[in-house]
Amino acid sequence: MRKKVVIIGGGIVGASAAYALSKQAVEVILIDRADAGQATDAAAGIICPWLSQRRNKAWYRLVKAGAAMYQGLIESLEADGETDIGYKRVGALSIHTDQDKLIAMRDRALKRREDAPEIGDIHLLNEVETKKKFPLIADGYQSVFVTGAARVDGRKLRNAMLSAAEKHGAKIIHGDAQLHIKDSQVTGVKVNNSAISADQVIAAAGAWIDDLIKPLERKLDVRPQKAQILHLKYDAINTSNLPVVMPPNDQYLLSFDDQRFVIGATHEDEAGYDTSVTAFGIQDILNKALRIAPKLNDGAIIEARVGFRPMTPGFLPIIGSFPDYDGLLFANGLGATGLTAGPYLGQELAKLALGQSTELNLEDYQL
C-alpha cells in the first residue's frame, strides 16, 4: 500500500516537497488556500549566496546546498516537459564604490569556490567593465562578477514544480486545511468539509504557520516581514542576458526577457499582514534603485507585488517535527532566502516523510 502524504502550503517549499515525493511511490495531496501575500507568489530573486558576509555557518551550509541543487532541479523539470520555469544563469554583479571591499569579496568567493564549484568564474571588474556588463549602472561603481549566479521568478518556478508533480500523479486542492489530531498523532486534515487521512502531514504554510499549528498548543514564533517589490518596463535595452545586480544596500535589481526589471524589496517588520502597496514602499524602492540605475527613471511601472517573508526569532530557517506529536513535519523561516533554499528544504522534507536520512544536520535548524 502506498504511503500517503498531505502537504499544506503551495509556496516554494511545499511545491518542492510535492514534486520530490510525486516521483516516489507515494500518494501526494497538496492543499493551498492561495493567501494574498504568499512570499513565493511575489518573489523574484538572485541565486548567489556565496558573496554574503553573514557569518552563521549553518545558514551558509543551507543556502550553498540550495544553490548547488538548482541545475539538477531545472534539468529534472525540463525532462518532465516544463518549459516556462523562470530560471536563467546570467551571472551577478556585486557593485561597490570601495575597491578594498570588492577585493575582500572576491577573495572570499575564491575561497568558497573550493567546495562550491557552481560559483563559476569570479572577476574583479573596473568601472568600464562593470558598465559593459550592465549599461544602466550609475557612474563610480566597480564590481565582483560571478558567472554561476542566476535569476529566478518564484511564481514560475513554483508553478512548474506543481505542474510536474501533477504529471506524476500528485493531487492539488484549493482550500483551507486544518489539522486532524488524535491523541498525540496528526492523522490528516480537514479541508472543504472533507476529511483526508494521511500517514504524514507536511506543514509548509509560510508566515501563517502558527495559525495552522495552534490546535497543537505549539508556536514556532514565525512573524511576517512585509516585502514590497516593483516591476518596471524599460524598452531601451535587451534584457535577455543582463546579470543581476547586488548593490551595497538592502535592495536588488534584476531583469527578465520581456524588458521587465524587478527592483526591491522593502523590509517591513511592523506591518503585519497588510497587503497594501504604500507610498513609503514605492518611494524607498525607487530612491535606492534610481541611485544605482538612474536611466530606469524612464521606466514604466507595470505592477507592484507584496509578499510576507516568514522570519524566525533567530533569523535561521527551521526544519523538523515536534517531539511530542507524530505525523507532522514542518519547514519555515526562510526569510529573504526563500528562492535559494526553499527548493532544497522541500527535498529534505520529502526525505524525512519517507524515513530517509537528510543531508542537513537537523540539529542546526531547530528553534
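Structure shown above.
Residues numbered from 1 in each chain as written. Predicted model: local features only at pLDDT ≥ 70, side-chain atom pairs only at ≥ 80, totals over all residues. Heavy atoms only, no water.

(A) Quick peek at the overall build of the protein chain. A tally of regular secondary structure across the protein chain gives 10 helices and 20 strands. Over its C-alpha atoms the protein chain spans a radius of gyration of 21 Å, differing by no more than 12% from the 21 Å that the globule rule assigns to 367 residues. Referenced to the eigenvectors of the C-alpha coordinate spread, the extents of the protein chain come out at roughly 65 × 45 × 40 Å. Put simply, the protein chain has 367 residues, and 57% of those count as buried. The long-range share in the protein chain, meaning contacts at least 24 apart out of those at least 6 apart in sequence, stands at 72%. Element-wise, carbon and sulfur atoms account for 46% of the exposed surface of the protein chain, whose accessible area totals about 15,900 Å². If you average the places of the 42 positive and of the 45 negative side-chain charges in the protein chain, the two averages end up 2 Å apart. (Helix = DSSP H or I, 4+ residues; strand = E, 2+ residues; numbered from the N terminus. Rg over C-alpha atoms; globule rule 2.2 N^0.38 Å. Buried < 20%, exposed > 50% of the residue type's maximum accessible area, 1.4 Å probe, protein only. Contact = heavy atoms within 4.5 Å. Areas by Shrake-Rupley, 256 points an atom, 1.4 Å probe, with all protein chains shown as cover. Lys, Arg positive; Asp, Glu negative; His and termini not counted. Charge placed at Lys NZ, Arg CZ, Asp CG, Glu CD.)

(B) Seen up close, the sheet that holds strand E3 (residues 44–47). With antiparallel pairing, 3 strands are arranged side by side in an open sheet as E3-E8-E4. Each edge of the open sheet is held by one strand with a lone partner, namely E3 and strand E4 (87–89). Neighbour-to-neighbour, the strand axes of this sheet turn through a mean angle of 15 degrees, independent of strand direction. Helix-sheet contacts for helix H4 (residues 70–79) involve E3, E4 and strand E8 (150–153), and the interaxial angle to E4 is about 130 degrees. (Pairing = 2+ DSSP bridges. Axes fitted to C-alpha atoms, helices over the stretch in contact; angles between N-to-C directions.)

(C) Structural view of the packing of aromatic side chains. For the structure shown, the criterion picks out 7 aromatic pairs. Judged by centre distance (6.1 Å) and plane angle (80 degrees), the ring pair of Trp-208 and Phe-308 falls under edge-to-face. Taken together, the residues Trp-208 in the loop between strand E13 (200–203) and helix H8 (209–212) and Phe-308 in strand E18 (residues 300–311) connect sequence positions 100 residues apart. By relative accessible area, which is 1% here, Phe-308 ends up buried. Measuring from centroid to centroid gives 4.9 Å for Phe-322 and Phe-330, while their planes differ by 45 degrees, and the two rings are tilted. Assessed through its relative accessible area of 9%, Phe-322 is described here as buried. Using a relative accessible area of 5% as the deciding quantity, one classes Phe-330 as buried. Taking NZ or CZ as reference, Lys-23 lies 4.2 Å from the ring centre of Tyr-19, over its face. Lying over the aromatic face of Tyr-60, Arg-112 brings its terminal NZ or CZ to 4.2 Å of the ring centre. (Phe/Tyr/Trp six-rings, centres within 6.5 Å; stacked < 30°, edge-to-face > 60°. Lys NZ or Arg CZ within 6 Å of the ring centre and 35° of its normal.)

(D) Structural detail: the pairing of E8. What you see with E8 is no split at all: Ala-150 and Val-152 on one side and Arg-151 and Asp-153 on the other are buried throughout. Judged from the 3 bridges that link them, E4 and E8 form a sheet pairing that is antiparallel. Residue pairing across strands places Arg-89 opposite Ala-150, the latter belonging to E8.

(E) Here's a closer look at helix H10 (residues 338–353). Taking 1.5 Å per residue, 16 residues should reach 22 Å; H10 reaches 21 Å between its end C-alpha atoms and fits that length. The buried count for H10 comes to 14 of 16 residues, which makes it a mostly enclosed element. Just past H10, the residue Gly-355 takes up positive phi, approximately 75 degrees. (Expected span 1.5 Å × (residues − 1).)

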